[in-house]
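# Residue-level structure breakdown
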Amino acid sequence: MRVVFDAAAADDLDEIHAWITQDRPTEADSVVTRILTAIERLGHFPHIGHPGGVPDTYEWVVVGLPYIVVYELAPERDELIVIDYRSLPRRPTTPAAIGNEAGRHVLPAAAGPLR
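Residues numbered from 1 in each chain as written. Predicted model: local features only at pLDDT ≥ 70, side-chain atom pairs only at ≥ 80, totals over all residues. Heavy atoms only, no water.

Attention now goes to the packing of helix α1 (residues 7-23) against helix α2 (residues 25-44). Where α1 contacts α2, the two axes come as close as 7 Å, and the packing angle between them is 150°. In terms of orientation, α1 lies roughly antiparallel with respect to α2. Seen from above, α1 lies across α2 with right-handed handedness. In this structure, α1 uses L13, I16, H17, I20, T21 and D23 to contact α2, whose residues at the interface are P25, E27, A28, D29, V31, V32, I35 and L36. Here the residues of the contact of α1 with α2 are counted per class, giving nine nonpolar, two polar and three charged. (Axes fitted to C-alpha atoms, helices over the stretch in contact; angles between N-to-C directions. Helix = DSSP H or I, 4+ residues; strand = E, 2+ residues; numbered from the N terminus. Parallel < 35°, antiparallel > 145°, perpendicular 65-115°, else oblique. Left-handed = near helix turned anticlockwise from the far one by under 90°. Contact = heavy atoms within 4.5 Å. Nonpolar A, V, L, I, M, F, W, Y, C, P; charged D, E, K, R; others polar.)

As structure tokens, then:
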């Protein structure tokens, strides 16, 4: 399928680049290239994404990055239309941020070795 970017998605990609450039200018190009590589893969395999939260959309997580590509399919034109990018929420990484055991499910200790 031919990959097409709607105007807002193209602007969003520029904004992602600008935002990353503020803190890590040497990595901004690499991140955008990885997003574009994931989108190119979608053009070859458009159904690898999962159904999105909005009807008639699909979502694909960019491996190794906190971004999701949101897209629509227009099979009558043989097009995949990128419409949005979403940032995945960051997970807490320290015990204090996680709240130690609060909110976690803990399995009971095993009575003996597993067989």
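And the narrative resumes.
Next up on the list: the nonpolar core. Counting 19 residues, the largest nonpolar core has I16, I35, V62, Y67, V69, V82 and Y85 as its most contacted members. For this core, the secondary-structure elements that each account for two or more residues are α1, α2, β4 (67-74) and β5 (79-87). By residue number, the principal contributor to this core is α2, which donates seven residues. If sequence neighbours within four positions are ignored, V82 has contacts with V3, V4, F5, D6, A9, I39, V69, V70 and Y71. (Core = buried A, V, L, I, M, F, W, Y, C linked by side-chain atoms within 4.5 Å. Buried < 20%, exposed > 50% of the residue type's maximum accessible area, 1.4 Å probe, protein only.)

What follows concerns α2. With 20 residues, α2 should cover 28 Å at 1.5 Å per step; its first-to-last C-alpha distance of 30 Å lies within 8% of that length. Along α2, the residues classified as buried are A28, V31, V32, I35, A38, I39, L42 and G43. One side of α2 holds all its buried residues, which, seen down the axis, span an arc of 155°. Of the residues in α2, the exposed ones pointing more than 90 degrees away from the buried face are T26, D29, E40 and H44. On its buried face, α2 is in contact with β1 (2-5), α1, β3 (58-61), β4 and β5. (Expected span 1.5 Å × (residues − 1). Arc of directions from axis to C-beta.)

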